[in-house]
Amino acid sequence: MNKGYRLLFIGLLLILIDLRINTFDLLPDFVGYIMIALGINELKTKGSSFSKATPFALILIFLVFPSLVGYEGIGLDTKSLPLLPYLLETVIGVFHLLMMYFIFAGTWQLANEYKDDIWEKATKVRWNLYAIVHIIFLSLFAFQFTIPTLKPLIVISLIIVIIVEFVMIVFIKKTESQTEIWECEET
Amino acid sequence: MYGTRLYMSILAVLLLVTGNIFYYQNEKLEGPFLLTHFQEVQLNEHGYGTLELYYVTNTDDKIWNVHLPGIQYAFVEHESIHQETTNFYVKRAFIELQDQNITEPLTITNIEIQFSQRDFKNFQVGEVIILPGIEFEREPIVQNIASSSSNSGVSVSLFYVKEPLTLIEITYPFEKIVSDYFQLSLELQADDFTKKTTGGIAMINNYKVIEEHLWSQSGSPLEKVKLPITLSENEVFKLTKTFDPSNSGVFIQIELKFMFENEDGNTVVGRDLVNLRPYFSNKELKELAKKAGGQHE
C-alpha cells in the first residue's frame, strides 16, 4: 500500500516542479501522471474510490503533453488562438481536481476502514482546503480574458494553489508512512 | 466525501468559463487601437523630442516598433498603464524621436506601429505636428513663475514680463478642434509684485504672494479680451485653463503662444503648455472600441 502512496508522492512532485531549458520541461508532467496512474493502480484494491481516479489520471497523461515543450514549441500560435491554451488549462485543472478528489476519498475510506479517526479528519480538512483553493482559482481563471485587471489576483491565487499543492504532497508522503502503521496494527 | 458539493462547484466553474468565452468572443478587440491625439512635439536643438502615444488594448500588447513618416528615428523609450478599467487598459508609450533634418513643421496623421507579436499596421493618430529643433531660451523675457492645477480640471499659470511688452495675439494649433475641450481666461494683475518684493528672483521666491495671485479671481474669457494689451516691466498676468471633464476622450498636448512686441518692434514669444490626458469609464471605452471600426470585431 505504501508503494502506491510513494508513486503518488513522486508523481505529484514531478507535476509541481517545473524545470525548463528554453521551453523544454526537464521534469515532464505526463511522467508525473504516469506515476500517479501506477500509484492508483497499486491502491485500487484497497478502495473503490481509487479506481474512479484512474480514468482522470490516464486522460491527463495526454492532456499535459503540450506542456513538455510549451504551446509555442508545438507550433501553436497563442495570439491567434488564445482560447485553446485557456480551455486546455481549465480542463486540466478540473480533471486534476477530480482525480485528487477520488485519491482523497480513497484515503479517507482507508482511514475509516482502519478506524484512524485522526487521519480521517485530517484527510477531510486538507481536502476541503484543497478544493476551496482550486475552485477559487479556477473561477478567477475563467475571467482572465474578459477582465484583464484580475490578472494580479489570478497570480496571487495561483501562488496559493502551489502552496496548498505542496501541503497536499507532504500529506501524501505522511500517509505513505501512516499506511505502514495501519498495516502493522492489522497484523 | 462532499462529492455533490464538488460536482456543483465544478459545474459552476464550467458555466463561468462558457459565459466568459461567449463574452470574450463578442467583446474582444481584434487588436489595440490608438486614441485621437492633437499633439505638438517640439524637437530640441539636437533634433530630439518625445511623442506621447495612447492606445487601448485588452491584452498584454506592447509597442515593439514605430515608424513615423518623415522622421528619421523613432523608438519606444518606455510605456506604462495610464488607466485600467474592468475590460480595457489605456496604455501610454513614450516614443523618442530624432531628426536633425527637419526645417519645417511636419504634420503626421498616420503612424505605422508594430505591436508585440503582430505585423506593422497603419494607425490613424489624429494630428501630430513635429516642430523643427530650436534652442530653448535660458532666460526668457516672458517667464512662467508658477503653475498649479486642481482636480476639478482647472489649471492656472502665472507669468511676468521682464520688459515692457505689448500682447498682440494668443495662438495655439488645432484651435477649431481643441477649443471645444478647454476654455482660456486671461487676467492682468494690476498691483505688480515689485511693490511687495525687490523684483527678479526675489519675486519668484515669494510663494505666498504668488499663491494669492494664482487662486484669486479667474479673469475674463479670452474671446472677450481686447488685444493688444500693453504690459509694463515686471507686470504679471495669469492664464486660467478650464478643461471640460466630459470631453476627455482625446489626448491634447499643445503649446499656447503669447505673441508680444517689444518697444523696438521685435517679436517676443511667451509659451505655456496645454496638456489634457484621456480618461474614460469602462462603458465609454466599450463604445470607443466599437467605433474603432475595422480594428474591432
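**Observations regarding the nonpolar core**
For step 1, the next point in the chain: Counting residues in each nonpolar core, the largest one holds 63 residues, and the members touching the most others are A:Ile36, A:Ile40, A:Met99, A:Ile103 and A:Trp127.
For step 2, the next point in the chain: Contacts of A:Ile36, omitting those with residues within four sequence positions, involve A:Leu7, A:Leu8, A:Gly11, A:Leu12, A:Ile15, A:Ala57, A:Met99 and A:Ile103.

**Remarks on the packing of aromatic side chains**
For step 1, the next point in the chain: Scanning the entire structure with this criterion turns up 25 aromatic pairs over all chains.
For step 2, the next point in the chain: Ring centres 5.4 Å apart and planes at 10° place the aromatic pair A:Tyr114 and A:Trp182 in the stacked group. Note that A:Tyr114 is positioned in the loop between α4 (83-113) and α5 (117-141) and A:Trp182 in helix α6 (residues 151-186), a separation of 68 residues in sequence. There is no split in this pair, since A:Tyr114 and A:Trp182 are both buried.
For step 3, the next point in the chain: For the pair B:Phe159 and B:Phe237, a centre-to-centre distance of 5.1 Å together with 15° between the ring planes defines the contact as stacked. Placement of B:Phe159 in strand β10 (residues 154-161) and of B:Phe237 in strand β15 (residues 236-243) is noted, with a sequence separation of 78 residues between them. The burial state of B:Phe159 is the same as that of B:Phe237; both residues are buried.
For step 4, the next point in the chain: Within the aromatic cluster, the residues linked to one another by ring pairs are A:Phe56, A:Phe95, A:Tyr101, A:Phe102, A:Phe104, A:Trp119, A:Trp127, A:Tyr130, A:Phe171 and B:Tyr7.
For step 5, the next point in the chain: It is A:Lys173 that lies over the ring of A:Phe9; its NZ or CZ is 5.0 Å from the centre.

**A word on the pairing of strand β3 (residues 48-57) of chain B**
Residues and elements named next belong to chain B.
For step 1, the next point in the chain: Across the 10 residues that make up β3, a large majority, eight, are buried.
For step 2, the next point in the chain: Examined bridge by bridge, β3 and strand β6 (residues 89-98) share 10 bridges and lie antiparallel to one another. Bridged to Val56 within β6 is Val90.

**Details of a nonpolar patch on the surface**
Residue and element names in this part refer to chain A.
For step 1, the next point in the chain: On the surface, Ile17, Leu19, Ile21, Phe24 and Leu26 cluster together to form a nonpolar patch covering roughly 450 Å² of accessible area.
For step 2, the next point in the chain: When you line up the elements, Leu19 lands in the loop between α1 (2-16) and β1 (20-21).
For step 3, the next point in the chain: Its relative accessible area of 46% is what places Leu19 among the partly exposed residues.

**As for the interface of chain A and chain B**
Where interface size is given, it is often the accessible area lost as the parts come together that is meant.
For step 1, the next point in the chain: Each side of the interface is counted separately: chain A has 28 residues, and chain B has 28 residues.
For step 2, the next point in the chain: Between the two partners, chain A and chain B, sit zero salt bridges.
For step 3, the next point in the chain: At the boundary of chain A with chain B, the tally comes to three residue pairs in polar contact (both at pLDDT 80 or more).
For step 4, the next point in the chain: Elements that contribute at least two residues to the side of chain A that touches chain B include exactly α4 and α5 of chain A.
For step 5, the next point in the chain: Ranked by residue count, the leading element in the side of chain A that touches chain B is α4(A), at 12 residues.
For step 6, the next point in the chain: Here the side of chain A that touches chain B is composed, by residue class, of 20 nonpolar, five polar and three charged.

**Here's the deal with the side chain of B:His37**
All names here are of chain B.
For step 1, the next point in the chain: Tracing the sequence through the fold places His37 in strand β2 (residues 36-44).
For step 2, the next point in the chain: Judged by its relative accessible area of 0%, His37 falls in the buried class.
For step 3, the next point in the chain: Setting aside chain neighbours within four positions, we find His37 in contact with Glu52, Leu53, Tyr54, Val125, Gly126, Glu127, Val128 and Phe251.

**A few points about unusual backbone geometry**
For step 1, the next point in the chain: At A:Lys115, a position not held by glycine, the phi torsion is positive, near 55°.
For step 2, the next point in the chain: Its location among the elements puts A:Lys115 in the loop between α4 and α5.
For step 3, the next point in the chain: With relative accessibility at 70%, the residue A:Lys115 sits in the exposed group.
For step 4, the next point in the chain: Its identity is not glycine, yet B:Phe174 carries a phi of approximately 50°, on the positive side.
For step 5, the next point in the chain: Looking at the element boundaries, B:Phe174 is found in the loop between β11 (165-171) and α2 (175-178).
For step 6, the next point in the chain: On the basis of relative accessible area, B:Phe174 is assigned to the buried category, the value being 11%.

**Quick look at the packing of α1(A) against α4(A)**
For any two helices packed against each other, one specifies the inter-axial angle together with the distance between the axes.
Residues and elements named next belong to chain A.
For step 1, the next point in the chain: Interaxial distance between α1 and α4 falls to 13 Å at its minimum, and their mutual angle equals 150°. Relative to α4, the element α1 lies roughly antiparallel. Here α1 runs over α4; the crossing is left-handed. Seen from α1, the contacting residues are Tyr5, Leu8 and Leu12; seen from α4, they are His96, Met100, Ile103, Thr107 and Leu110.
For step 2, the next point in the chain: Its residues placed into classes, the contact of α1 with α4 shows six nonpolar, two polar and no charged.

**Description of the sheet that holds strand β5 (residues 73-84) of chain B**
Residues and elements named next belong to chain B.
For step 1, the next point in the chain: Taking strand neighbours across the sheet as the criterion, the four strands line up as β1-β3-β6-β5 in an open arrangement whose pairing is antiparallel. Only two strands of the sheet have a single neighbouring strand rather than two, namely β1 (33-34) and β5.
For step 2, the next point in the chain: When β5 meets β6, the two strands line up antiparallel, connected through 10 bridges. Bridge pairing in β6 links Val76 to Ile95.

**Things to note about the confidence of the model for chain B**
Caution is warranted with low-pLDDT regions, since their predicted coordinates should not be read in detail.
For step 1, the next point in the chain: The share of residues in chain B with pLDDT of 70 or more is 86%, and the mean pLDDT across the chain is 81.
For step 2, the next point in the chain: Here residues 190-207 of chain B scores under 50 on pLDDT; set against residues more than four positions off or in separate chains, the count is 25 contacts.

**A few points about the pattern of salt bridges**
Residues and elements named next belong to chain B.
For step 1, the next point in the chain: Across all of its chains, the model carries nine salt bridges over all chains by this definition.
For step 2, the next point in the chain: Note that Arg92 is salt-bridged to Glu52, the shortest N-O span being 3.6 Å. Here Arg92 is found in strand β6, whereas its partner Glu52 is found in strand β3, with 40 residues between them in sequence.
For step 3, the next point in the chain: Overall, Arg92 belongs to the buried group, its relative accessible area being 18%.
For step 4, the next point in the chain: A salt bridge links Glu255 to Lys257, with the shortest nitrogen-to-oxygen separation between them at 3.8 Å.

**Observations regarding the environment of B:Lys290**
Residue and element names in this part refer to chain B.
For step 1, the next point in the chain: By the secondary structure assignment, Lys290 is in helix α5 (residues 282-291).
For step 2, the next point in the chain: Judged by relative accessible area, which is 56%, Lys290 ranks as exposed.
For step 3, the next point in the chain: Counting along the chain gives 263 residues from Lys290 to Glu27, while the straight-line C-alpha distance between them is 8.9 Å.

**Section: the packing of helix α2 (residues 29-43) of chain A against helix α3 (residues 48-63) of chain A**
Residues and elements named next belong to chain A.
For step 1, the next point in the chain: Contact geometry of α2 with α3 gives a least axis separation of 9 Å together with a crossing angle of 160°. Overall, the two elements α2 and α3 adopt an arrangement that is roughly antiparallel. Handedness of the α2/α3 crossing: left-handed. Seen from α2, the contacting residues are Phe30, Tyr33, Ile34, Ile36, Ala37, Ile40 and Leu43; seen from α3, they are Phe50, Ala53, Thr54, Ala57, Leu58, Leu60 and Ile61.
For step 2, the next point in the chain: Tallied by class, the residues present in the contact of α2 with α3 amount to 13 nonpolar, one polar and no charged.

Calculation criteria
- Residues numbered from 1 in each chain as written.
- Chains lettered and ligands numbered in written order.
- Predicted model: local features only at pLDDT ≥ 70, side-chain atom pairs only at ≥ 80, totals over all residues.
- Heavy atoms only, no water.
- Core = buried A, V, L, I, M, F, W, Y, C linked by side-chain atoms within 4.5 Å.
- Buried < 20%, exposed > 50% of the residue type's maximum accessible area, 1.4 Å probe, protein only.
- Contact = heavy atoms within 4.5 Å.
- Phe/Tyr/Trp six-rings, centres within 6.5 Å; stacked < 30°, edge-to-face > 60°.
- Helix = DSSP H or I, 4+ residues; strand = E, 2+ residues; numbered from the N terminus.
- Lys NZ or Arg CZ within 6 Å of the ring centre and 35° of its normal.
- Pairing = 2+ DSSP bridges.
- Patch = residues over 30% accessible without salt bridge, like charges linked within 9 Å, V, L, I, M, F, W, Y side chains within 5 Å.
- Areas by Shrake-Rupley, 256 points an atom, 1.4 Å probe, with all protein chains shown as cover.
- Salt bridge = Lys/Arg side-chain N within 4 Å of Asp/Glu carboxyl O.
- Polar contact = N/O pair within 3.5 Å; in protein donor to acceptor, adjacent residues only side chain to side chain.
- Nonpolar A, V, L, I, M, F, W, Y, C, P; charged D, E, K, R; others polar.
- Axes fitted to C-alpha atoms, helices over the stretch in contact; angles between N-to-C directions.
- Parallel < 35°, antiparallel > 145°, perpendicular 65-115°, else oblique.
- Left-handed = near helix turned anticlockwise from the far one by under 90°.
- pLDDT = per-residue confidence, 0-100.

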